[in-house]
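Coordinates in review
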Amino acid sequence: MLTLANPSALLALLGLLVPLAIHLWNRRPGREVAVGSLRWLAAGANRRLRNLRLEQIWLLLLRAALLAALAGALAGPQWRQPQPAGRGQVLISRELADGSRLAAVRPALDSLRRRGYALRWLAAGLPAITSAEWQADSLGLKSPVANARPDNLAWARMQQAADSFPGQPLHAVTPATLRTSSGPHPALPASLTWQTIPTRAASTWLQAAAGSADSLRLLLGQSNEKQTTYRVLRVARPRPGATLAVAGLPPLRYETVGGQPQLRPAPADSAQPQPAVPVRTGPVRVVLYAPAGAAAEARYLRAALRAAAVGLPAPLALTVSTTEPDPAGAPDWLFWLGDSPLPAAWRAQVPRGLHLWQEATGAGLPDTATLATAETAGDAPILLTRRGRASLPAGSSPRWVDGRGRFVLAETQQGKGASYHLTTRLNAPWSSLAESPALPALLLDLLATNPQLGTDSLLTAYDQRRLDPAQLPPHPARLASQGAAAPVAYRFTDLRPGLVLLVALLFGLERWLAGRRSAGPLPFSL
């Protein structure tokens, strides 16, 4: 079947009127005939105009064919043929490589393998799984360690597989965790069957620590399929070099490096060292700048910050200012709620350790979405009803996303600090964040973050919350029951090179005939 990549280029066919006009009006000069009187000249000219007829019709047709071939080449013609469906592909997440969680679905995957499906890892390049790896109890890989960073690009990997194997049925098996759904959710083919496997596990980790003269306050995080929670544990301050035992955590070694106290988890596997958690010795200093127009939003944010301070290992020192604050104070956090541009002096503080929060400015655009990253069991969904127009800085990472995988809160690391850009605002008519009871927990996740052991709801390996099945593509069987047609892949053959060659041949033939016409009358003239 013939298809056109650029059908609008066919408007160039209107150029066929050009050679027709040339042949009608660009006539040869007539012979000079001596007449006895000029009184008959006007009448003869009128009769000549009334008797216009085509001459050199073969040259006219050749020029028309030349223009038609040129217009066809511009339209990008392609010959479309159905591509025979190849064997299917089974895509398995590397996080399931320990083999234990695949036991329930292994018989089904073996059945697909016997039917000709190829086994591949859902990872960069979609590498094939060898028979030796598949037959081994652990698939030939070591069990993933607790703090290993998972591949959170499941949607991007699915799109890569769909582009790499067009027309082939795909069967994907991934963990049913929210952390794997980072990034935008592209449209995936109807031939994809996406199966998620619950982890049914809970993880506990040390999020942050603060110390006083005689004690330590440890912020412990725990995550399961339903929610992520935090609790503060106060313990006696150990001597340098001593080991601290906390239930649910590996032994913690208390040490001082460069005058900075820290707790270093002792890994079960010495080949997998874990980064140390610094022990904070001072308060968390936060400056909230809110001009008169942002007073209502500042009231909600101030209350949420104070509620989040209950879960901080260190006390919160909060300053609210209606005038532009002085950067000489060097706080840990600056929440900038004004529409005015941020002064350069504050921007210079970010690489030195400042954490900067900014929101969308201007009128924004209407939107309809829900916050997908931080919803907990039993909480009402957080609605996002307006979105800013400004583009995010290059190199941004998602901290909060909506149900379609779009950035809601983007983080940009800059030296020791970071900038956070909220693509909406906290209160109506932008969102229902200000009214959500989950806002303090969201802010706590930011205020207590540790760059090495953070609890980013998308990137960390500790987050065990389950992905909402409604975000997955519909099952092909359901589409078939709804009357959806089976997907068909096509192979396209570009016809433009042949048309370009035809244009060159026609142009050469037209020049040859036109040269013969100027040399003398053609035998097929009318």
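Our subject in this report is the structure included herewith. (Residues numbered from 1 in each chain as written. Predicted model: local features only at pLDDT ≥ 70, side-chain atom pairs only at ≥ 80, totals over all residues. Heavy atoms only, no water.)

The seven strands are arranged β9-β8-β7-β13-β12-β11-β10 in an open sheet whose pairing can be described as mixed. Every interior strand has two partners, whereas the edge strands, β9 (228-236) and β10 (243-244), have only one. (Pairing = 2+ DSSP bridges. Helix = DSSP H or I, 4+ residues; strand = E, 2+ residues; numbered from the N terminus.)

Turning to the environment of W400, a few remarks are in order. Tracing the sequence through the fold places W400 in strand β20 (residues 397-401). For the pair W400 and T423, spaced 23 residues apart in sequence, the C-alpha to C-alpha distance is 10.0 Å.

Now for the packing of helix α7 (residues 295-308) against helix α9 (residues 439-447). Relative orientation of the contacting elements α7 and α9 amounts to 65°, with a least axis distance of 8 Å. The angle between the axes of α7 and α9 places the two elements in the roughly perpendicular class. With respect to the hand of their crossing, α7 and α9 are arranged in right-handed fashion. Across the interface between the two elements, L301, A304, L305, A307 and A308 from α7 touch L439, P440, L443, L444 and L447 from α9. A breakdown of the residues in the contact of α7 with α9 according to their chemical character gives 10 nonpolar, no polar and no charged. (Axes fitted to C-alpha atoms, helices over the stretch in contact; angles between N-to-C directions. Parallel < 35°, antiparallel > 145°, perpendicular 65-115°, else oblique. Left-handed = near helix turned anticlockwise from the far one by under 90°. Contact = heavy atoms within 4.5 Å. Nonpolar A, V, L, I, M, F, W, Y, C, P; charged D, E, K, R; others polar.)

In terms of burial, α9 is largely enclosed, as eight of its nine residues are buried. What α9 keeps buried is the set L439, P440, L442, L443, L444, D445, L446 and L447. (Buried < 20%, exposed > 50% of the residue type's maximum accessible area, 1.4 Å probe, protein only.)

The next point concerns the side chain of Q349. Here Q349 is to be found in the loop between α8 (344-347) and β17 (355-358). Contacts of Q349, omitting those with residues within four sequence positions, involve P327 and L354.

Attention now goes to the nonpolar core. F335, W357, W400 and L443 are the most contacted members of the largest nonpolar core, which totals 41 residues. Elements that contribute at least two residues to this core include exactly β7 (203-211), β14 (284-289), α7, β16 (333-336), β21 (407-414), β22 (417-422) and α9. Among the elements that line this core, the one with the most residues is α9, at six residues. The residues contacting W357, other than those within four sequence positions of it, are L334, F335, W336, L337, W400, L409, Y420, L422, L426, L443 and L446. Core analysis: the second largest hydrophobic core is formed by 17 residues, L188, L192, L467 and L472 among them. (Core = buried A, V, L, I, M, F, W, Y, C linked by side-chain atoms within 4.5 Å.)

A contiguous nonpolar patch, built from L2, L4, L10, L13, W79 and L495 and spanning about 480 Å² of accessible area, is present on the exposed surface. The residue W79 is located in strand β2 (residues 77-82) in this model. Using a relative accessible area of 39% as the deciding quantity, one classes W79 as partly exposed. (Patch = residues over 30% accessible without salt bridge, like charges linked within 9 Å, V, L, I, M, F, W, Y side chains within 5 Å. Areas by Shrake-Rupley, 256 points an atom, 1.4 Å probe, with all protein chains shown as cover. Salt bridge = Lys/Arg side-chain N within 4 Å of Asp/Glu carboxyl O.)

A few words on the sheet that holds strand β6 (residues 192-197). One open sheet holds the four strands; their spatial order is β4-β3-β5-β6, and the pairing between them is parallel. Bordering the open sheet on either side are β4 (118-121) and β6, each of which pairs with just one other strand. Between one strand axis and the next, the sheet turns through 20° on average, direction left out of account. The pairing of strand β3 (residues 89-92) with strand β5 (residues 170-175) spans four bridges and is classified as parallel. Within the sheet, the bridge partner assigned to Q89 lies in β5 and is L170.

Worth remembering: the numbers are spatial, not functional.
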